[in-house]
Amino acid sequence: TSEMLQKICIRNLVRKYCRGVTAERQVQLQQKVVASAVFRGKKEGYPQSINQPFMDTRLKENEINPKVLQQIQGEKIKYVTPVIKYDRNGFKARERLLVLTQTSAYVVEMAKIKQKIDYSTLKG
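Quantities reported herein were computed from a predicted structural model and do not represent experimental measurements. (Residues numbered from 1 in each chain as written. Predicted model: local features only at pLDDT ≥ 70, side-chain atom pairs only at ≥ 80, totals over all residues. Heavy atoms only, no water.)

### A look at the environment of valine 27
Phase 1: Secondary-structure assignment places valine 27 in helix α2 (residues 23-39).
Phase 2: Valine 27 sits in the partly exposed class, given a relative accessible area of 42%.
Phase 3: Distance in space between the C-alpha atoms of valine 27 and phenylalanine 54 is 9.6 Å, their sequence separation being 27 residues. (Helix = DSSP H or I, 4+ residues; strand = E, 2+ residues; numbered from the N terminus. Buried < 20%, exposed > 50% of the residue type's maximum accessible area, 1.4 Å probe, protein only.)

And the structure:
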């Protein structure tokens, strides 16, 4: 009887956990599975990173300055993430946005496009 109750209890705990997982957490867990397939046995620090959840760094279009959106004009934005640029002298950290579109990558500071890189110019 004890073994049967233990199995029922474990099944109930798993069921409760699965129903309590949010959609955001489920996406994070799916990303962890993919990362595990890629990095297991190849990355030295992988075992220490398993218990750390992925951070959602993607920004939405409404979080980008409207002036930048006007300058990009009509290019469909695929991905936006905050990045940090370090100066060569003094290593001062400067916050930027990396905006990836269909045809180009943009490095943006506040409301100014600092750099535009067309994918066609990349060689490797």
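### Describing helix α1 (residues 2-20)
Phase 1: With 19 residues, α1 extends 27 Å between its outermost C-alpha atoms, agreeing within 8% with the 27 Å of an ideal straight helix rising 1.5 Å per residue.
Phase 2: The buried count for α1 comes to 0 of 19 residues, which makes it a mostly uncovered element. (Expected span 1.5 Å × (residues − 1).)

### A few points about the sheet that holds strand β1 (residues 77-86)
Phase 1: As summarised here, the arrangement of the 4 strands in space is β1-β2-β3-β4, forming an open sheet in which the pairing is antiparallel. In the strand order of this sheet, the two ends are held by β1 and β4 (112-118), each with one partner. Across the sheet, the mean angle separating the axes of adjacent strands is 25° when strand polarity is ignored.
Phase 2: Judged from the 6 bridges that link them, strand β3 (residues 104-109) and β4 form a sheet pairing that is antiparallel. Within β4, the residue paired with glutamate 109 across the bridge is lysine 112. (Pairing = 2+ DSSP bridges. Axes fitted to C-alpha atoms, helices over the stretch in contact; angles between N-to-C directions.)

### Structural notes on the confidence of the model for the chain
Phase 1: The predicted model of the chain has a mean per-residue pLDDT of 85, with 98% of residues at 70 or higher.
Phase 2: Element-level pLDDT for the chain is lowest in helix α3 (residues 46-49), with a mean of 76, against a maximum mean of 94 in α1. (pLDDT = per-residue confidence, 0-100.)

### What about α2?
Phase 1: A rise of 1.5 Å per residue sets the reference length of α2, with its 17 residues, at 24 Å; its end C-alpha atoms lie 24 Å apart and thus fit the reference within 8%.
Phase 2: Here α2 has its buried residues at Gln28, Lys32, Ala35 and Ser36. Seen end-on, α2 carries its buried residues on one side only, within an arc spanning 105°. Exposed and oriented more than 90 degrees from the buried face of α2 are Ala23, Val33, Val34 and Ala37.
Phase 3: Buried residues along α2 sit against α3.
Phase 4: The positive-phi residue at the C-terminal boundary of α2 is glycine 41, with phi of around 80°. (Arc of directions from axis to C-beta. Contact = heavy atoms within 4.5 Å.)

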